[in-house]
Amino acid sequence: MTSAEQQRLTDADQTGVPWRRWGPYLSERQWGSVREDYSPGGDAWNYLTHDQARSRAYRWGEDGIAGISDDRQLLCLALAMWNGRDPILKERFFGVTNSEGNHGEDVKEYYFYVDGTPTHSYEKMIYKYPQREFPYGDLVATNRSRGRDQFEYELLDTGVFEGERYFDVEVEHAKAGPEDILVRITVHNRGPEAATLRLLPTLWFRNTWTGTPDERPGLFQMPGITGAAVAEARHPELGRRWLLVQGEHQLLFTDNESNDERFGGGPNASPFVKDAIDRYVVHGEKEAVNPALTGTKLAADITLEIPAGERAVVRLRLTDEPVPAEAVRERLGPIFEETVEQRRREADEFYDERLTAGLSAGERRMVRQAMAGMLWSKQYFGYDVEAWLTQHHRDPLGAGDIRNGQWYHLIADDVISMPDAWEYPWFAAWDLAFHTVAFSLIDLTFAKRQLDLLLSRRYLHPNGQIPAYEWNFGDVNPPVHAWATYLVYELDKSRHGHGDRDWLATAFHKLAKNFTWWVNRKDADGNNVFQGGFLGLDNIGVFDRSAPLPTGGHLDQADGTAWMALYCQNMLQIALELAQDDETYVEQAQTYVEHFAWIAAAVNHPGRASMWDEEDGFFYDLLRLPDGGAVPLKVRSMVGLLPLAAATVFDAPVVARHPEIIDEANKFLAAHPSVSAALPDGYAGRPGSHLLALFDETRLRRILSRLLDENEFLSPYGIRSLSKFHDANPFEFDVGGARYRVAYTPAESDSGMFGGNSNWRGPIWFPVNALMIRALLNLYAGYGDDFTVECPTGSGVHLTLFEVAREISNRLTGIFLPGPDGRRPCYGGQDVFASEHWRDLITFSEYFHGDNGAGLGAAHQTGWTGLAAVFPVLFARVTGPQLLEHGMTGIFTTIEEDES
């Protein structure tokens, strides 16, 4: 039986019903972003600060708390509130900037994404708002005074939550129809005494009219309605909408215009400006709001007196249906409650059908909240780089010296899955690829569209480069787009019984363009060894890998080369799939076989310094010196583990379907004996299958012995990014009188390289753990049950590679599950997160402490940490024998068969 939510997805995808038009598409931080930065030197954090954000109209997007908007972010609805003590209205989440935080930018609030469905027919989040004055100044001053070797100073540390003196502000959105949105706000007073909260649900238009001839939209109060407050919104594109607020509350009107006078910028364009509601509520300036009850921004002024331990409920409805005055109260009454509860039940049914069967109660909660975090982190992203450059008074065709000046072709106007809607409210290319894998479990169409987006002509550079992220589109992220594309295609094929080969073919040709960019731009010597730069791993290396090296010369990067080997394998997989309909792809497939062979030979070349270190049994970066010498940089890190990911098994049916590939490969090797001699030794896996890898079985066992050593990479909570060996044995390198050092740092970074909140020198990161799990499963599909290894190393326990993958998965999942003492490792042992009103709420951080699993970095980076939802689902459904029978694609087939 098809669930109601699945039917909504079908209706949206097949008949165009706009179930996706409205969603949680507001950012949580628009201030401090590149788009809003018009400073001469590109100082985005200080050009538009949190303090200024309430008074200055944004140009490119909007932010808010628990916000919802249309998919162009033309009309926005979010929550503001005031506890009677704060110096400002709480309209947006607060955090320290990169220069203020001792470990970089960091949001200093507690909010949790609890639930959500792909069409946003139901979603829920909770914000914990202190009843004491919010300590803005204390948070900035104390964090700024602390060093990198000290803990961050968090909101809990300030004491504002002592005695449970806070409100739980629970926000639910439910759709009665595609354009009819119900908002239920339940405020719980968790404190020991009665408390007052001014709640101000706010509706406003994004300012698209300043400096343009566009028609100005408007908001207007509807008079003569009892039992409710109603406003009409009129917009030239959206048409008419009505906001219904239960209760006869005052509506406060102003305009979404900058208060230039506050900053000495001359007279205001409008007497009623963006910060008017803050001035009215907090500072008592009655004249700040428009007495004519019209404008482009409004808030309903709702005062809630809530006894200790009690709650109050506020209901709103944003609809495109005109509501007769006599029907307003009915639309906010019992039928409202019935619809919200129905959508909540339908969310349960959708997840029961799709994901959570066979999981424990703790795993079910974790999976639901991980997916909720991904859904709530969707954001409208608008950025026309040519227009932005013109606003900077720069010639777009000659602006190469300004940030993103060479990307003047890029026009973004889309809903995109963001890494973190506060700390990283902009797309990142390699993050997004991992996001699509998790989204594929619940919304294949969205996953495919997200992959399409960065390959579209509006984003992909004419030279073939995929834009990296807003701060520098020209930086280099790992090329994982093909990996994600093939994975999403296979899941789509499993679900529907046939693959969308038209989609796959379109992606293939664009990926081929990007592949060519890599080959032409990132192979300095033309030797099939790659130097991608930092490749997303930020400060993992001895040097800044994006900058000129202090020694001169360049780095041959083990991870860059492994990424390209994997890229070859993924393109080969896609080409072989497309060749079933079109034999011209056979030639393309052979091209990628040969590309891989050249790379594998270069990595293992017996006549030159190699990335493989026979003594250590590990891959290292090679420092190529100007005099032709080469020095291995013996840092045992994820850089040397990534060659494991470049392992793909082509099973017997695929090989049998294309025997010409094998014939042509043999001819190629016969014609190039130097390549043949440098390739890894023969593969003794399952009969009829072929393994493409950068290592042979002997090297594989040596790498795995380090990977699975609890004194090196294997943490109780997953795979560390740097071996714990470097705790007692830091790597040091002297050059030019300076000493460069890499030591095991399991928590926040003690290095300023690439900013303060980035650390690849010990913590656990979900995306690369996902690659390790994929590699182990792939190798298991090739080697079968006869291949076992000690896990953990030295334990005497031998496991198959499937069992090893499952063990790593269990350790990763354990980060979010309560232990015997009721504590979740992700919260680092803090007592409050095991208490009554906190214990069932989970956040999914950017990375995790290498020894105790505590969440670090961005607190809501559910984007790629949303992969946490994938692992328990996978291993609840798939066994080793099933994988051996069906191959890697059988993972998805088995899941889909169970669902149906």
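Below or above, wherever it landed, is the structure these notes cover. Being a predicted model, the structure only gives us computed values, none of them experimental.

Here is what the cut-offs are and how they apply
- Residues numbered from 1 in each chain as written.
- Predicted model: local features only at pLDDT ≥ 70, side-chain atom pairs only at ≥ 80, totals over all residues.
- Heavy atoms only, no water.
- Pairing = 2+ DSSP bridges.
- Helix = DSSP H or I, 4+ residues; strand = E, 2+ residues; numbered from the N terminus.
- Contact = heavy atoms within 4.5 Å.
- Axes fitted to C-alpha atoms, helices over the stretch in contact; angles between N-to-C directions.
- Buried < 20%, exposed > 50% of the residue type's maximum accessible area, 1.4 Å probe, protein only.
- Patch = residues over 30% accessible without salt bridge, like charges linked within 9 Å, V, L, I, M, F, W, Y side chains within 5 Å.
- Areas by Shrake-Rupley, 256 points an atom, 1.4 Å probe, with all protein chains shown as cover.
- Salt bridge = Lys/Arg side-chain N within 4 Å of Asp/Glu carboxyl O.
- Lys, Arg positive; Asp, Glu negative; His and termini not counted.
- Charge placed at Lys NZ, Arg CZ, Asp CG, Glu CD.
- Parallel < 35°, antiparallel > 145°, perpendicular 65-115°, else oblique.
- Left-handed = near helix turned anticlockwise from the far one by under 90°.
- Nonpolar A, V, L, I, M, F, W, Y, C, P; charged D, E, K, R; others polar.
- Expected span 1.5 Å × (residues − 1).
- Polar contact = N/O pair within 3.5 Å; in protein donor to acceptor, adjacent residues only side chain to side chain.
- Phe/Tyr/Trp six-rings, centres within 6.5 Å; stacked < 30°, edge-to-face > 60°.
- 1 Å grid on protein atoms, 1.4 Å probe; cavity = no way out; pocket = protein on both sides within 12 Å on 5 of 7 lines; lining within 4 Å.
- Points joined across faces, edges and corners; volume = space filled by probe spheres on them.
- Core = buried A, V, L, I, M, F, W, Y, C linked by side-chain atoms within 4.5 Å.

### Overview of the sheet that holds strand 7 (residues 122-130)
Strand order in the open sheet formed by 9 strands is 6-7-8-9-17-13-12-11-15, and the pairing between neighbours is antiparallel. Of all the strands in the sheet, the pair left with one neighbour each is strand 6 (110-116) and strand 15 (294-295). Relative to strand 15, strand 11 (residues 218-222) runs antiparallel, the two sharing 2 bridges. For Leu-219, the partnering residue across the bridge sits in strand 15 and is Gly-295. Packing against the sheet, helix 7 (residues 334-354) makes contact with strand 6, strand 7, strand 8 (166-177), strand 9 (180-189) and strand 17 (311-319), and its axis sits at approximately 95° to strand 9. Taken strand by strand, helix 8 (residues 361-376) contacts strand 6, strand 7 and strand 8, and its axis lies near 100° from that of strand 6.

### A word on unusual backbone geometry
If a residue is not glycine, its phi is most likely negative; likewise, a peptide bond is most likely trans. Of note, the bond from Cys-791 into Pro-792 is cis; its omega dihedral lies within 30 degrees of zero at -5°. If you trace the backbone, Pro-792 turns up in the loop between strand 31 (788-790) and strand 32 (798-800). Of note in the backbone geometry, His-120 takes a positive phi value of approximately 60° without being a glycine. Within the element layout of this structure, His-120 appears in the loop between strand 6 and strand 7.

### Some points on the pairing of strand 10 (residues 195-205)
Most of strand 10 is tucked away, with 10 of its 11 residues classed as buried. The pairing of strand 3 (residues 75-82) with strand 10 spans 8 bridges and is classified as antiparallel. Looking at strand 10, one finds that Ala-80 is bridged to Leu-200. Across 8 bridges, the pairing between strand 10 and strand 16 (residues 297-306) is antiparallel. Following the sheet pairing, Thr-196 is matched in strand 16 by Glu-305.

### Considering a negative patch on the surface
Taken together, Asp-582, Glu-583, Glu-660 and Asp-663 make up a surface patch of like negative charges. Looking at the element boundaries, Asp-582 is found in the loop between helix 14 (558-578) and helix 15 (584-603).

### What to know about the pattern of salt bridges
Counted by the stated rule, this structure contains 69 salt bridges. The closest approach of N and O atoms between Lys-108 and Glu-154, which form a salt bridge, is 3.0 Å. Taken together, the residues span a long stretch of sequence, with Lys-108 in the loop between strand 5 (106-107) and strand 6 and Glu-154 in the loop between helix 4 (136-145) and strand 8 at a distance of 46 residues. Look at Lys-108 and you get buried, because its relative accessible area is 1%. On the basis of relative accessibility, which here comes to 23%, the residue Glu-154 falls in the partly exposed class.

### Observations regarding the sheet that holds strand 24 (residues 630-633)
Spatial strand order, 20-23-24: 3 strands in an open sheet with antiparallel pairing. Looking at which strands have only one partner, the edges of the open sheet turn out to be strand 20 (554-556) and strand 24. Shown here is a sheet whose adjacent strand axes are inclined to one another by a mean of 30°, direction ignored. In terms of strand pairing, strand 20 meets strand 23 (residues 621-624) through 3 bridges, oriented antiparallel. Paired with Asp-556 across the strands is Leu-622, a residue of strand 23.

### What about the packing of helix 22 (residues 766-783) against helix 23 (residues 801-814)?
Following both chains from N to C, one finds helix 22 and helix 23 inclined at 160°, their axes separated by 8 Å at the closest point. Our classification of the angle between helix 22 and helix 23 gives roughly antiparallel. Between helix 22 and helix 23 lies a crossing of left-handed hand. Judged by residue contacts, Phe-766, Asn-769, Ile-773, Leu-776, Leu-777, Leu-779 and Tyr-780 of helix 22 engage Leu-801, Phe-802, Val-804, Ala-805, Ile-808, Ser-809 and Leu-812 from helix 23. In the contact of helix 22 with helix 23, the residues fall into 12 nonpolar, 2 polar and no charged.

### Digging into helix 14
When the terminal C-alpha atoms of helix 14 are compared, their 30 Å separation across 21 residues agrees well with the 30 Å that a helix rising 1.5 Å per residue should span. Counting buried positions along helix 14 yields 21 of 21 residues, so the element is predominantly enclosed.

### A word on the side chain of Asp-37
You can see Asp-37 is positioned in the loop between strand 1 (22-23) and helix 2 (44-47). Polar contacts involving the side chain of Asp-37 include one to the side chain of Ser-39, which spans 2.7 Å. Contacts of Asp-37, omitting those with residues within four sequence positions, involve Gly-42, Asp-43, Ala-44, Tyr-47, Trp-388, His-392 and Arg-403.

### Looking at the packing of aromatic side chains
Evaluation of the coordinates by the stated rule reveals 63 aromatic pairs. Relative to Trp-471, the ring of Trp-45 lies with its centre 6.5 Å away and its plane at 25°, an arrangement referred to as stacked. Here Trp-45, found in helix 2, pairs with Trp-471, found in the loop between helix 11 (444-455) and helix 12 (481-496); they are 426 residues apart in sequence, far enough to count as distant. With a relative accessible area of 10%, Trp-45 lands in the buried category. On the accessibility criterion, Trp-471 (22% relative accessible area) is partly exposed.

### A look at the layout of surface pockets
Estimated volume of the largest pocket: approximately 930 Å³. As for the largest pocket, its lining consists of 36 residues, of which Tyr-58, Arg-59, Asn-207, Thr-208 and Thr-210 are closest to the centre. Secondary structure elements with two or more residues in the lining of the largest pocket: strand 18 (378-384), helix 9 (385-391) and strand 19 (411-417). Of the residues forming the lining of the largest pocket, the biggest block, 4 residues, is contributed by strand 18. Class assignment for the residues of the lining of the largest pocket results in 16 nonpolar, 8 polar and 12 charged.

### With respect to the nonpolar core
Membership of the largest hydrophobic core comes to 259 residues, with the highest contact counts inside it found for Leu-199, Leu-694 and Phe-816. Ranked by residues supplied to this core, first place goes to helix 14 with 14 residues. When near neighbours in sequence (up to four residues on either side) are disregarded, Phe-816 contacts Met-366, Phe-766, Arg-824, Cys-826, Ile-842, Thr-843, Phe-844, Phe-848, Thr-865 and Ala-868.

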